[in-house]
Structure formats: C-alpha cells, structure tokens
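Architecture and fold: a report
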Amino acid sequence: MKATLTDKIYACLAGGLIGDAMGAPVENWDYHKIQETYGWLQEFSGDGTDDSAIKLILCDAIVTHNGDVTADEFAESFLKMEKQYYNLFYIPVRNMFHKVQDGLSLPVYAGVGNMQSSSSAMCISPMGILNACDPRQAAVETYDVAGLIHAGDTTFCRDAACAMTAAVAEAMKPDATVDSVVDAATRYLHPTSSAVELASIREALDKARELNDYALFRDWIYENRLRNIISDSRETVPVALSLFYLAGGDPVKAIEYGANFGRDADTIGTMVGSLAGAFRGTAGLKPEWIDTLEKNHSQKPLAESLYQMVAAKKERQREVLRQYDLLAE
C-alpha cells in the first residue's frame, strides 16, 4: 500500500529529526571511534541540532507566508526566532544573520562571502515538501531561498541545497524509485555554474554504484574525498545521496548509515533521513523511533501545516488552468 502525501510529509520531517538526533553525539568523530564506542549506533535521544533548528525557521517562513517564500521571508523568520536559536548558529549562518540584522546586506546578497558549510542543504527539505512531486520547481525556488546563507564563492553550497530539495520533491511522487530520486538531485542544477557540486555528487554516486557496499564506500570517502571542513557540502551532500542509494531508500538503513558514517554525522543523518522518509513514508521507520519522537517532539502539527501549504499551492495552479478552460469554452 502506497503512502499518502500527508504520511510522506510527516515521515520526511520525522526522518530528518531522527537522523539529526542520532548523529549528534558522534559529530566530528571518525567512524572507527564510533565502532569502538557503540558498535553500531541505532538509537537516538535529544532535540537535534542546528540542522533541525534552521529547518524550523524555514518552516516558519513557509507557513507564515502561505508557501510564498524567498530569501526575504527566510531572513524575516531568522530575525523573529533569533533568541530561541542563535546559540546554535554555525559561522556562515551567524555571518548572514548579522549582515541582515545590521542592514549591511539585503537578504539576496547576505550569502556572498560566507564560508562553506552544509547550513543551506541540511535544512532545506521543507522546500522539497512545499514543491512535492515537482523537483524542477523545488530547485528553482530553493536557489533563491538558499542564497540567504551561501552565494558567490560558496554558491556550490546553494547548489547542494537545490540538489537535496529536488531529490525530496521527487521522492514525494507515488511512483518514485531510488534511481529517479538520485537522478533528480543533479538533473535541475545549472550545467555550467553548478559544475563543482555536480562533479562531487556524480563521482560519489558512481563510486557507490560500483562498490555497492556501505563499508567499502565509507572507506573510499575517508581515503580519497574528505574535506578540510567536515560540514563542506561537497562532502556531506554527495555522501548523503550515496547512502540513500546504498540503503535502497530504506529509512532505517539510511539513517543508521548516516549516523555511523562519522564526520558531520548529524547533518548527513538529517539529510538522508528526510530523503528516505519522503520516499518510503512512516512504514519505513521503526515504530519505536516514532514513539520516542512523538513523546518529545511531535512532528504531526507541523506536517499538517505544511500539507496545507502544498494543497493551497496546488489549488492556485489548478485555478489558473480552470480559468483558461472557461475562456476556451
């Protein structure tokens, strides 16, 4: 039985938060240390990290503005929710925030000059939800929204966000496949301007297909493709997409793969958890994970709000078509 759109939205949010929380205790760890300490990490607790906090800020922008969100509305929600989350912000997010707060940059330019990170990509799944089943539109709208944090020399981080949101939007389709999801991640990026992120993603996916084994792929990344900064989206996003592929889209495998990968484990976990949740729905998540989540951080109200945004957006599109049908008659 196929998951409903509402269920996929909920699972996308739940999978993202679970992946964030499971990876948080081992962030910046080498995977050997994780093995020595936990054996195989598969449980979670806690509230998540900045990944989930910024995702909530983005959700606030989407819901407050009825799904019409750009860099301006995203910035507005950052300013509104500063006191609640500022202490979690990473360097490029703080740079953006103070530029906007002090009027040094307009939101559409606030991402210029900020250091590389996964801050845009890790929080972006709600844009995929908002554009469910329309990966091209998800990528187009995300390019504006993600530019709040990354642009200019680190525009590859914005491209990484577009890749993740397009993949989530594709995963929302009833007939999505693992291959169609990972294909959507690169299909809608700029062929020339996004060349840096495109190359990183394609190389990692090619290697994942060739090795077809989680441990072998993890070793290859550690030996050949680690970046100086663990949160560099040229590392995290190619890894997250590859782990989704290696897990066959299974949310449990995908989340555990992300947490046990090490490095920026919470960010990899939240991205692959959101993607796999959107792909399989709640049936793919452990019931005990859902129970733990609902006792502490229920995602149901937010999922319902986002579903209403999706429905309203689709209805606006249908209304335009209805008007043309009436004119044709």
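Let me begin by describing the structure that accompanies this report. Since the structure is predicted, the reported quantities are computational estimates derived from the model, not experimental observations.

Concerning the overall build of the protein
Along the protein, the regular secondary structure elements total 17 helices and 0 strands. For 329 residues, the compact-globule estimate of 2.2 N^0.38 gives 20 Å, and the C-alpha radius of gyration of the protein, at 19 Å, lies within 12% of that figure. Evaluated residue by residue, the protein yields a buried proportion of 57% over its 329 residues. Long-range contacts, defined here as pairs at least 24 residues apart, represent 77% of the contacts in the protein between residues at least 6 apart. Total accessible area computed for the protein in this model is approximately 13500 Å², and 50% of it derives from carbon and sulfur atoms. Charge separation in the protein, taken as the distance between the mean sites of 30 positive and 46 negative side-chain charges, equals 2 Å.

Quick word on the nonpolar core
Core analysis: the biggest nonpolar cluster contains 107 residues, and F74, F78, L148 and L243 have the highest contact counts within it. Considering every element that reaches this core, the biggest residue donor is helix α1 (residues 5–23), with 10 residues. Setting aside residues no more than four positions away along its own chain, L243 makes contact with Y214, F217, Y257, G258, F261, I268 and V272.

Focus: helix α13 (residues 233–246)
Relative to the 20 Å expected for 14 residues at 1.5 Å per residue, α13 spans 19 Å between its end C-alpha atoms, a close match to the ideal helical length. Counted residue by residue, α13 has 13 buried out of 14 residues, so it is predominantly covered. Among the residues trailing α13, G248 stands out with phi positive, at a value near 65°.

What about helix α10 (residues 178–187)?
Those residues of α10 that fall on the buried side of the exposure criterion are V178, V181, V182, A184, A185 and T186. For α10, the elements touching its buried residues are α8 (135–146), α9 (155–171), α11 (195–211), α13 and α15 (265–280).

Considerations on a nonpolar patch on the surface
Taken together, L106, V108, Y109 and V112 make up a surface patch of nonpolar side chains, about 390 Å² in accessible area. Take V112: its relative accessible area is 43%, and that puts it in the partly exposed class.

Considering the packing of α11 against α13
Here α11 crosses α13 at 35°, and the two axes come no closer than 9 Å. Crossing angle aside, the handedness with which α11 passes α13 is right-handed. Of α13, the residues touching α11 (which contributes V196, E197, S200, I201, A204, L205, A208 and R209) are S233, R234, V237, P238, L241, S242, Y245 and L246. Among the residues forming the contact of α11 with α13, the class breakdown is 10 nonpolar, 3 polar and 3 charged.

Digging into the pattern of salt bridges
All chains considered together, the criterion is met by 15 salt bridges. Between R187 and D183 there is a salt bridge whose closest N-O contact spans 2.7 Å. Residue R187 and its partner D183 are located together in helix α10, separated by 4 residues, close to a single helical turn. A salt bridge links E315 to R318; the nearest nitrogen and oxygen atoms lie 3.1 Å apart. With E315 and R318 both in helix α17 (residues 300–328) and 3 residues apart, this pair spans about one turn of that helix. On the accessibility criterion, E315 (32% relative accessible area) is partly exposed. The exposure class assigned to R318 is partly exposed, which follows from its relative accessible area of 40%.

Quick notes on the packing of aromatic side chains
In the structure shown here, the tally under the stated rule is 12 aromatic pairs. Seen from their ring centres, W40 and Y257 are 6.4 Å apart, and the 85° between their planes marks the pair as edge-to-face. A residue pair is termed long-range when its members are at least 10 positions apart, and W40 in the loop between α2 (31–38) and α3 (50–64) and Y257 in helix α14 (residues 251–261) qualify at 217 residues. The exposure class assigned to W40 is partly exposed, which follows from its relative accessible area of 33%. Ring geometry for Y214 against Y257: centres 4.2 Å apart, planes inclined by 10°, an arrangement best described as stacked. In this pair, Y214 sits in helix α12 (residues 214–224) while Y257 sits in helix α14, placing the two residues 43 residues apart along the sequence.

Procedures and definitions
- Residues numbered from 1 in each chain as written.
- Predicted model: local features only at pLDDT ≥ 70, side-chain atom pairs only at ≥ 80, totals over all residues.
- Heavy atoms only, no water.
- Helix = DSSP H or I, 4+ residues; strand = E, 2+ residues; numbered from the N terminus.
- Rg over C-alpha atoms; globule rule 2.2 N^0.38 Å.
- Buried < 20%, exposed > 50% of the residue type's maximum accessible area, 1.4 Å probe, protein only.
- Contact = heavy atoms within 4.5 Å.
- Areas by Shrake-Rupley, 256 points an atom, 1.4 Å probe, with all protein chains shown as cover.
- Lys, Arg positive; Asp, Glu negative; His and termini not counted.
- Charge placed at Lys NZ, Arg CZ, Asp CG, Glu CD.
- Core = buried A, V, L, I, M, F, W, Y, C linked by side-chain atoms within 4.5 Å.
- Expected span 1.5 Å × (residues − 1).
- Patch = residues over 30% accessible without salt bridge, like charges linked within 9 Å, V, L, I, M, F, W, Y side chains within 5 Å.
- Salt bridge = Lys/Arg side-chain N within 4 Å of Asp/Glu carboxyl O.
- Axes fitted to C-alpha atoms, helices over the stretch in contact; angles between N-to-C directions.
- Left-handed = near helix turned anticlockwise from the far one by under 90°.
- Nonpolar A, V, L, I, M, F, W, Y, C, P; charged D, E, K, R; others polar.
- Phe/Tyr/Trp six-rings, centres within 6.5 Å; stacked < 30°, edge-to-face > 60°.

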